[in-house]
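The lines below spell out each chain.
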Amino acid sequence: MKYIEAIGKYFLMIKEVFSRPTKWSIMKNLILKEIDDLVFGSLGILIFISFFVGGVVAIQTALNMDSPLLPKNLIGFATRQSVILEFAPTFTSIIMAGKVGSYITSSIGTMRVTEQIDALEVMGVNALNYLVFPKIIAMLFYPFAISISMFLGILGGWAGSVLGGFTTSAEFTEGLQIGFLPFHVFYSFTKTFIFAFVLATIPSYHGFYMRGGALEVGKASTTSFVWTSVVIIILNYIITQMLLGK
Amino acid sequence: MIVVEDLHKSFDGTPILKGISTVFEKGKTNLIIGQSGSGKTVFLKSLLGLFTPEQGAISYDGVSYGEMDDEQQRKLRQEMGMVFQGSALFDSMTVEENVMFPLKMFTNNSKREMRDRVDVVLKRVNLVDAHKKFPSEISGGMQKRVAIARAIVNNPKYLFCDEPNSGLDPRTSIVIDNLVQEITQEYDITTVINTHDMNSVMEIGQKIVFLKDGYKAWEGSNKEIFRTDNEAVTNFVYSSELFKKVRQMYQEEKN
């Protein structure tokens, strides 16, 4: 019952986010600030993780190819498929649930605890539109970060497998081109857009409706990370079934 | 003027406000006092429209809040200024940006006009060198003054203060009390202050509403509060040793 109530409250929050808009001259600056904080501020960790995970995926694939009948270009193929289909859109989003999600929940939660949200509401400002809408718009730039993650994941795979002596650059590149379906990129970016919305709204919900003090802000951040990850994984399954299933 | 009639509010089935009726007059500092848990904050937040009462009505200059549509309620809120207990300043903004915020939100004034207005109100609260500082870089008393400046920058009709002296030393408390009273008279606004500070009661309590367990137990002025025989009020007022001695002296004088 508690969960059904929370889901209902979440959708009512979304409705409120898109009503009574804040003046554009103010909103414009808020959006630019959020793009900087949420997207550009996450690029460092995203670049680091993508490169090394891509490398590990390639090395693991190479190490598990025991049969001499398997062509070496399979390493490039497997790296591309893993990175484009799952690692970049899904697992990066889960990492972002920790980084961006915790930031959103704790910043909005602190505003709740210190009565800053009450101050906005007393002034007649739609606090949800003011605080959450710029985050949703900023996260529309999230696919840009994911495309960087894809590129660096594959680059990491190339570095791991070629510099590690598992395959040649030509074989790896050949593997990258085998059976390439542009639809997989479309599938991947569709997921990314949906995850971006989830990443902006679920942590906002947990921050906005939290009660208590500083300790509860920490708890809300943890809960927000758990639920954002759970929703991303469930949606990943549903979208995959819908777009790639037969 | 704010008129409250038979106000009831409960949370999870527990009644907090149990039929409060009173009038808060324009140009006066109206105080809501009572012990912790007596319903003061819920009452103040109901006056602000943050809580919807289950029964009763609140009228602002003759217009009932319950009968206003969303647009009218929003407009009314823009006529309200609020000073929160913890100041509630936006910590990512400077003092100047905090005070300018309501102007940016609800007026189409030029930047120059907004800056001039901010200068006027910051000067009015005796803060002239803090424009570019962040709330974390100024003292609690200064934060309260910024909060007052933000509350009055848009020329409100109603000013609400939740425990404005909380966390301040007695000297700064008096400065804040006097500032609120002067602003109330100067701007001719309806001010409602939620407090349990007896110094404020003595200094600026032109109208006092005493709450006990969600009921209005007494109302009067700072001149009357020390003469009342209402037991709930005397228990509250004379709970400190200082005021017990004052009462003793008063009774000795009387006898």
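## Brief notes about the overall build of chain B
Within chain B, the regular secondary structure consists of nine helices and ten strands. Radius of gyration (C-alpha) of chain B: 19 Å, near the 18 Å computed for a compact globule of 255 residues. In terms of overall dimensions, chain B has C-alpha extents of about 65 × 40 × 30 Å along its principal axes. Scored against the burial criterion, the 255 residues of chain B give a buried share of 39%. Counting only contacts in chain B whose residues sit at least 6 apart along the sequence, the fraction spanning at least 24 positions is 65%.

## A few points about the overall build of chain A
Secondary structure summary: chain A contains ten helices and zero strands in total. N-terminal to C-terminal, the α/β element order of chain A is α-α-α-α-α-α-α-α-α-α. In terms of its C-alpha atoms, chain A occupies a principal-axis envelope of roughly 70 × 35 × 35 Å.

## A word on the interface of chain A and chain B
Contacts between chain A and chain B engage twelve residues on the former and 14 residues on the latter. Top element by residues in the side of chain A that touches chain B is helix α5 (residues 116-122) of chain A. It accounts for five residues. By residue class, the composition of the side of chain A that touches chain B is five nonpolar, three polar and four charged.

## Points about the environment of K33(A)
Residue position: K33(A) is located in helix α2 (residues 24-39). Exposure remark for K33(A): the 13 C-beta atoms within 10 Å place this residue in the partly exposed category.

## Considering the packing of helix α9 (residues 182-208) of chain A against helix α10 (residues 214-244) of chain A
Residue and element names in this part refer to chain A. Running from amino to carboxyl end, α9 crosses α10 at an angle of 155 degrees, the nearest separation of the two axes being 9 Å. Of the possible angle classes, the one that applies to α9 and α10 is roughly antiparallel. In the packing of α9 onto α10, the handedness of the crossing is right-handed. Side by side, α9 and α10 meet where Y187, T190, K191, I194, F195, V198, L199, I202, P203, H206 and G207 of the first sit next to A220, T223, S224, W227, T228, V231, I232, L235, N236, I239, L243 and L244 of the second. Tallied by class, residues from the contact of α9 with α10 come to 15 nonpolar, seven polar and one charged.

## Thoughts on the packing of helix α3 (residues 43-63) of chain A against helix α7 (residues 142-163) of chain A
Between two packed helices, what matters for the description is the angle formed by their axes and the separation of those axes. Residue and element names in this part refer to chain A. At their nearest, the axes of α3 and α7 sit 6 Å apart, and the two run at 40 degrees to each other. Between α3 and α7, the crossing angle belongs to the class labelled oblique. When you trace α3 past α7, the crossing you get is right-handed. Each residue belonging to the contact of α3 with α7 can be placed in one class, and the counts come to 17 nonpolar, nine polar and no charged.

## Remarks on the nonpolar core
Membership of the largest hydrophobic core comes to 115 residues, with the highest contact counts inside it found for L199(A), M82(B), V99(B), A149(B) and F160(B). In terms of residue count, helix α4 (residues 74-113) of chain A provides more of this core than any other element does, twelve residues in total. Split by domain, the residues of this core number at least three in each of domain 1 (1-79 + 156-221) and domain 2 (93-155) of chain B. Setting aside its immediate chain neighbours within four residues, A149(B) contacts V99(B), V121(B), L122(B), V125(B) and L127(B).

## Re the domain arrangement of chain B
All names here are of chain B. Under the domain assignment, chain B is made up of domain 1 (1-79 + 156-221) and domain 2 (93-155). Put simply, the middle of domain 1 and the middle of domain 2, counted by C-alpha atoms, are 24 Å apart. Each side of the interface is counted separately: domain 1 has twelve residues, and domain 2 has ten residues. Of the residues forming the side of domain 1 that touches domain 2, the biggest block, six residues, is contributed by helix α6 (residues 170-187). Among the residues making up the side of domain 1 that touches domain 2, the classes are represented as nine nonpolar, three polar and no charged.

Reading guide: rules and limits
Residues numbered from 1 in each chain as written. Chains lettered and ligands numbered in written order. Predicted model: local features only at pLDDT ≥ 70, side-chain atom pairs only at ≥ 80, totals over all residues. Helix = DSSP H or I, 4+ residues; strand = E, 2+ residues; numbered from the N terminus. Rg over C-alpha atoms; globule rule 2.2 N^0.38 Å. Buried ≥ 20, exposed ≤ 12 C-beta atoms within 10 Å, placed from the backbone. Contact = placed C-beta atoms within 7 Å. Nonpolar A, V, L, I, M, F, W, Y, C, P; charged D, E, K, R; others polar. Axes fitted to C-alpha atoms, helices over the stretch in contact; angles between N-to-C directions. Parallel < 35°, antiparallel > 145°, perpendicular 65-115°, else oblique. Left-handed = near helix turned anticlockwise from the far one by under 90°. Core = buried A, V, L, I, M, F, W, Y, C linked by C-beta atoms within 7 Å. Domains from an automatic or database assignment.

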